[in-house]
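Fold and geometry: a report
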Amino acid sequence: MAVATVNLRAVTSWVGIARLFAIMLSCIAFSLVASTRDFMGPYGTWCMFTWCFCFTVTLLVLVLELLEFYPKLPLSWDDFTSAFSMLAALMVFTTSVVFPSTFISSPCSSSKCARQAVATTASCLCFLAYALEVGLTRAKPGDISSFLSTVPGLLKVFEAYVACLIFSLLDNYSSEAGLQWCVAVYSICFIVTLLIIIFTIGQCLTYMPCPLEKMLVGYNALALVMYITATVLWPLYSFRGRNRPDHCGRNCWWDKHLGVTFLTIFNLIAYLVDLIYSTRMVFIRAPP
């Protein structure tokens, strides 16, 4: 009869401690916000989903490592945990910005506002815990055994997440061919990047018929060129002859298009850095 072993390093190592803090802080955040009963609407739902999702998956990761069940899973565990910690850091960071700007108003004097402020603080500390985990698990220079823990791998998660933020802001783009091209760029790059992440975690990239490293360099170069066109065309067709409306509320199309512009620039920079690091990993080998 098989006996489950307990790996105490799962909770006593620096990575394990960071995960424990992330679990505790995300639990505090969603518990306090739930007690206010004021998290309706898309922004509140997103914030609650983020805290609950990160809490659940991090707890699951910790239990699987504590009981050493993860080697039995048909996936690359190091790639999965690296990708998740990067995704969680990005999601919690976004939530830590969105929640207070949407739900906390000045002056903050009521008990409800105090709980929201404490939840925001816990969310910010939770982001730091996930950022610490990303830093602790990041691969050392020259180590490519776990692709998603390298800088190009972490950038893949960042690029996919920023594309999701872009999709959430898209509004009224069908009237211009230039805007339709930009949406095609966002969609194509997102799909390919997501497939790379999934295939890496599922250990399927080894079955590719062509050299993986050089294929990734070629894709990064193509994605960079496509995002350069989107960086130029999106603001050109979005704001040409259009000023910001006088009464521009929270869901104003002008603000959304401005947000897409900045997110496009962020992803352009990410693909540029990704291309530089990928090229160095493939063509500039470190001396033995």
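Structural notes, computed from the coordinates.

Reading the values: the criteria
Counting starts from 1 at the beginning of each chain's written sequence and moves along it residue by residue. Owing to the predicted nature of the model, reporting of local features is limited to residues with pLDDT of at least 70; listing and counting of side-chain atom pairs is limited to 80 or more, with chain, interface and lining totals taken over all residues. Values reported for side chains reflect all heavy atoms of the structure, with hydrogen atoms and water molecules removed beforehand. Numbering of helices and strands starts at the N terminus; helices are DSSP runs of H or I of at least 4 residues and strands are runs of E of at least 2. To get the radius of gyration, use the C-alpha atoms; to get the globule rule, take the number of residues to the power 0.38 and multiply by 2.2 Å. Accessible area is worked out with a 1.4 Å probe on protein chains only. A residue is then buried under 20% of its type maximum, exposed over 50%, and partly exposed in between. What makes two residues a contact is simply this: any of their non-hydrogen atoms within 4.5 Å. Residues form patches when they are more than 30% accessible in relative terms and have no salt bridge. Like charges link within 9 Å. Nonpolar side chains (Val, Leu, Ile, Met, Phe, Trp, Tyr) link within 5 Å. Using the Shrake-Rupley algorithm and a 1.4 Å probe, accessible areas are obtained, with residue cover drawn only from the displayed protein chains. Think of a salt bridge as a Lys or Arg side-chain nitrogen and an Asp or Glu carboxyl oxygen that are within 4 Å of each other. One less than the number of residues in a helix, times 1.5 Å, gives the span that helix is expected to have. To pair, rings of Phe, Tyr and Trp, with the six-membered ring standing in for Trp, must have centres within 6.5 Å; the planes then decide the type, stacked if under 30 degrees apart, edge-to-face if over 60, and tilted in the middle. Think of it as a cone above the ring: NZ of Lys or CZ of Arg counts as a charge over the ring if it is within 6 Å of the ring centre and within 35 degrees of the ring normal.

1. Focus: the overall build of the protein chain
- A tally of regular secondary structure across the protein chain gives nine helices and zero strands.
- Put simply, the protein chain runs from its N terminus to its C terminus through helices and strands in the order α-α-α-α-α-α-α-α-α.
- Against the compact-globule benchmark of 19 Å for 288 residues, the protein chain has a radius of gyration of 21 Å, which places it among compact chains.
- When the backbone C-alpha atoms are referred to their principal axes, the protein chain occupies close to 70 × 55 × 35 Å.
- Per-residue burial for the protein chain yields a buried fraction of 43% across its 288 residues.
- Pairs at least 24 residues apart make up 77% of the contacts formed inside the protein chain by residues separated by at least 6 positions.

2. Section: a nonpolar patch on the surface
- Taken together, the side chains of Ile191, Leu194, Leu195, Ile198 and Phe199 define a hydrophobic patch exposed on the protein surface, amounting to about 410 Å² of accessible area.
- One can find leucine 194 in helix H7 (residues 177-201).

3. Some points on unusual backbone geometry
- With a phi angle near 55°, glutamate 68 is a residue other than glycine that sits in the positive phi range.
- Inspection of the secondary structure assignment puts glutamate 68 in the loop between helix H3 (41-66) and helix H4 (77-103).
- Glutamate 68 gets classed as partly exposed once you look at its relative accessible area, which sits at 35%.
- In this model, glutamine 203 sits at a positive phi of 60°, which is unusual for a non-glycine residue.
- Inspection of the secondary structure puts glutamine 203 in the loop between H7 and helix H8 (212-239).
- Glutamine 203 gets classed as partly exposed once you look at its relative accessible area, which sits at 46%.

4. Focus on the side chain of threonine 120
- You can see threonine 120 is positioned in helix H5 (residues 111-137).
- Excluding residues that lie within four positions of it along the chain, threonine 120 makes contacts with Ser96, Phe99, Pro100 and Ile104.

5. Some words on the pattern of salt bridges
- If you walk through the whole model with that rule in mind, you get four salt bridges.
- Across the salt bridge formed by glutamate 133 and arginine 19, the nearest N and O atoms sit 3.0 Å from each other. Linking glutamate 133 in helix H5 with arginine 19 in helix H2 (residues 14-36), this pair joins segments that are 114 residues apart in sequence. Of the two residues, glutamate 133 and arginine 19, neither departs from the other in class, the shared state being buried.

6. Notes on helix H6 (residues 151-169)
- A rise of 1.5 Å per residue sets the reference length of H6, with its 19 residues, at 27 Å; its end C-alpha atoms lie 27 Å apart and thus fit the reference within 8%.
- Taken together, the buried positions of H6 are occupied by Pro152, Gly153, Leu154, Leu155, Lys156, Val157, Glu159, Ala160, Tyr161, Val162, Ala163 and Ile166.

7. A word on H3
- Along its 26 residues, H3 runs 37 Å from first to last C-alpha, staying within 8% of the 38 Å computed at 1.5 Å per residue.
- Two residues or fewer after H3 comes glutamate 68, characterised by a positive phi angle close to 55°.

8. Details of the packing of aromatic side chains
- Per the counting criterion, the structure on display carries 15 aromatic pairs.
- Ring geometry for phenylalanine 84 versus tyrosine 130: centroids 6.2 Å apart, planes at 90°, classification edge-to-face. Highlighted residues: phenylalanine 84 in helix H4 and tyrosine 130 in helix H5, separated in sequence by 46 residues.
- Taking the relative accessible area as the measure of exposure, phenylalanine 84 reaches 7% and is therefore buried.
- Where phenylalanine 93 meets phenylalanine 127, the ring centres are 5.3 Å apart and the plane angle is 50°; that geometry is what we call tilted. Taken together, the residues phenylalanine 93 in helix H4 and phenylalanine 127 in helix H5 connect sequence positions 34 residues apart.
- We note arginine 280 situated over the ring of tyrosine 277; from NZ or CZ to the ring centre the distance is 5.9 Å.

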